[in-house]
Amino acid sequence: MEKLAQLWGMTLIQRSGANPITLGDIALVCLLLLGAYILIRSLQFAVARRLRSSRLQPDVVLIIKRISFYVIFAMVALTVLAILGIPIAVFAFATGAIAIGVGFGAQNIINNFISGWILIAERPIRLDDFIEIEGVFGTVEQVGTRSTRIRRSDGVRMLVPNSTLLENTVVNWTLIDKHIRTTIRVGVAYGSDVRKVIQILKEIILARTDILSEPAPEFIFEDFGDSALIFDAYFWCDVAGEKSLRAIRSEIRFAITEAFEAAGIVIAFPQRDIHLHTSQPLALSLQQENN
């Protein structure tokens, strides 16, 4: 016990006109900060539950949690230092260490850290947004201090540095709302009743509740194709991403196929008519292959 007491009272920093800073003081500071950290996390959890019950957006809850954590932790740290009589100037050496770290390769870390706070403040990307970056589609799950976690459409999690989201072009499908326009294209055989085709497309699409009535769907006789008459249906959906949009288009195609079969309308496929012009009739013969 005597050796432990000597170790606890071992002087680390001598101060003129004040008590020296001992190893026990540093240990006590660490214990107090650890206790404060656990307390802050508990308070954050309680506050987050209350905020979610108030129906705030998830990204707003994240901003409040993160800001409150740093503010409360800074206040607790300053209070602990004041109670122990440790001046902030003691930690001045950390400034030099950080400066050296920046000079030897910490620029990316600080860049991503600052970029994370810019993303939180400006909110160009929020939690649960469906985005596209460099040809990859996914849903934002978490905006961290260094990187953003995105759940791709195939279920794989992808970590993207925050600076990448600010420096590159990002398509946010749900930034303002979840309204997305899509198209269904169908080709019918020549000779089909084109008015009947448009009527069937209208009946199928307008009957769906997951398709918006405003803006109103549009139905276009697009072109005379090589093997088909081309029709396009443009409509808006209120969906959260590409997967839901594909499912809606698939269901509509099933309905179009069934409706066209009932109406006797043939969905066209590539075909060619060959005409031979000769001066004499062609002689055709059948030959049996012997195995």
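Residues numbered from 1 in each chain as written. Predicted model: local features only at pLDDT ≥ 70, side-chain atom pairs only at ≥ 80, totals over all residues. Heavy atoms only, no water.

**Describing the overall build of the chain**
For the chain, the count of helices and strands is 7 helices and 10 strands. Per-residue burial over the chain gives 30% buried out of 291 residues. In the chain, 61% of the contacts between residues at least 6 apart in sequence involve partners at least 24 apart. Surface exposure of the chain reaches about 19800 Å², of which carbon and sulfur atoms provide 59%. (Helix = DSSP H or I, 4+ residues; strand = E, 2+ residues; numbered from the N terminus. Buried < 20%, exposed > 50% of the residue type's maximum accessible area, 1.4 Å probe, protein only. Contact = heavy atoms within 4.5 Å. Areas by Shrake-Rupley, 256 points an atom, 1.4 Å probe, with all protein chains shown as cover.)

**Here's the deal with the nonpolar core**
Membership of the largest hydrophobic core comes to 24 residues, with the highest contact counts inside it found for Phe 231, Phe 235, Ile 252, Ile 256 and Phe 260. Looking at this core, the elements that each hand over two or more residues are strand S8 (179-188), helix H6 (194-206), strand S10 (229-238) and helix H7 (242-263). The greatest single-element share of this core, amounting to 6 residues, is contributed by H6. Ignoring anything within four residues of it in the chain, the contact list for Ile 256 reads Ile 184, Val 186, Leu 201 and Ile 204. (Core = buried A, V, L, I, M, F, W, Y, C linked by side-chain atoms within 4.5 Å.)

**Quick word on the sheet that holds strand S5 (residues 147-152)**
With antiparallel pairing, the 5 strands of this open sheet are ordered in space as S6-S5-S4-S3-S7. Among the strands making up the open sheet, the edge pair consists of strand S6 (157-161) and strand S7 (170-172). Averaged over neighbouring strand pairs, the angle between their axes works out to 40° when direction is ignored. Of the pairings in the sheet, the one linking strand S3 (residues 130-133) to strand S4 (residues 136-143) comprises 4 bridges and is antiparallel in character. From the neighbouring strand, Ile 131 faces S4, where its bridge partner is Gly 138. (Pairing = 2+ DSSP bridges. Axes fitted to C-alpha atoms, helices over the stretch in contact; angles between N-to-C directions.)

**Considerations on unusual backbone geometry**
The peptide bond linking Glu 214 to Pro 215 adopts the cis configuration, its omega dihedral lying at 0°. We note that Asp 128 has phi near 75°; this positive angle belongs to a residue other than glycine. Looking at the element boundaries, Asp 128 is found in the loop between helix H4 (92-122) and S3. We note that Glu 134 has phi near 55°; this positive angle belongs to a residue other than glycine. By the element assignment, Glu 134 lies in the loop between S3 and S4.

**Section: the pattern of salt bridges**
The tally for this structure, following the rule as stated, stands at 7 salt bridges. Each member of the salt-bridge network shares a partner with another, and the members are Glu 141, Arg 149 and Arg 157. (Salt bridge = Lys/Arg side-chain N within 4 Å of Asp/Glu carboxyl O.)

**With respect to the pairing of S6**
As judged from the 5 bridges shared by S5 and S6, these two strands associate in the antiparallel manner. By the bridge assignment, Thr 148 is partnered in S6 with Val 160.

**A look at the side chain of Ser 163**
Secondary-structure assignment places Ser 163 in helix H5 (residues 162-167). On the basis of relative accessibility, which here comes to 10%, the residue Ser 163 falls in the buried class. A distance of 2.7 Å separates polar atoms of two side chains, one belonging to Ser 163 and the other to Asn 112. With residues up to four places along the chain from it excluded, the contact list for Ser 163 reads Asn 111, Asn 112 and Ser 115. (Polar contact = N/O pair within 3.5 Å; in protein donor to acceptor, adjacent residues only side chain to side chain.)

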